[in-house]
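# Descriptive analysis of the structure
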Amino acid sequence: MPKKSLPKIDNDTCIGCSACISACPVSVLEMDGDKAVLKDAAGCTSCGACVDSCPVSAIAMEDRDA
Ligand code: F3S
């Protein structure tokens, strides 16, 4: 299966500020309660904007099955 670089959000670190959701140019992140989640892995362009936007460094890009 092909791999794709996707954001992995550490739930224990995320403070639910929604900065990553605002930063995403293709709107593939959303809030699930008070945590951010990737809702559309297929739509992610692997740009890394969410990683840069997070004030607590809760997001890292990770190669996962596409
Ligand atoms: Fe905020 Fe998203 Fe980080 S909600 S704390 S920018 S994972």
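See above for the structure.
Definitions and cut-offs
Residues numbered from 1 in each chain as written. Predicted model: local features only at pLDDT ≥ 70, side-chain atom pairs only at ≥ 80, totals over all residues. Heavy atoms only, no water. 1 Å grid on protein atoms, 1.4 Å probe; cavity = no way out; pocket = protein on both sides within 12 Å on 5 of 7 lines; lining within 4 Å. Points joined across faces, edges and corners; volume = space filled by probe spheres on them. Nonpolar A, V, L, I, M, F, W, Y, C, P; charged D, E, K, R; others polar. Near = heavy atom within 4 Å. Sits in = over half its atoms within 2 Å of the grid points. Helix = DSSP H or I, 4+ residues; strand = E, 2+ residues; numbered from the N terminus. Buried < 20%, exposed > 50% of the residue type's maximum accessible area, 1.4 Å probe, protein only.

### Digging into empty space enclosed by the protein
Evaluation of the coordinates by the stated rule reveals two cavities of 30 Å³ or more. Around the largest cavity, the lining is made up of 15 residues, and of these Cys14, Cys17, Cys20, Ala36 and Cys54 lie nearest the centre. Class assignment of the residues belonging to the lining of the largest cavity gives a composition of 13 nonpolar, two polar and no charged. One number sums up the size of the second largest cavity: a volume of about 70 Å³. Around the second largest cavity, the lining comprises 14 residues; the ones closest to its centre are Cys24, Cys44, Cys47, Gly48 and Cys50. Its residues assigned to classes, the lining of the second largest cavity shows 11 nonpolar, three polar and no charged.

### Quick word on the site of the ligand
Around the ligand, the structure places 14 residues, and the nearest of them are Ile15, Cys17, Ser18, Cys20 and Cys54. A molecule is said to occupy a pocket when more than half its atoms come within 2 Å of that pocket's grid points, and by this definition the ligand occupies the largest cavity. Its residues placed into classes, the shell around the ligand shows 12 nonpolar, two polar and no charged.

### Considering unusual backbone geometry
Positive phi is not limited to glycine here, since Ser18 has a value of about 70°. With respect to the element layout, Ser18 can be found in the loop between β1 (3–9) and α1 (19–23). Judged by its relative accessible area of 27%, Ser18 is partly exposed. Even without glycine at this site, Ser27 takes up a positive phi of about 55°. If you trace the backbone, Ser27 turns up in the loop between α1 and β2 (29–32).

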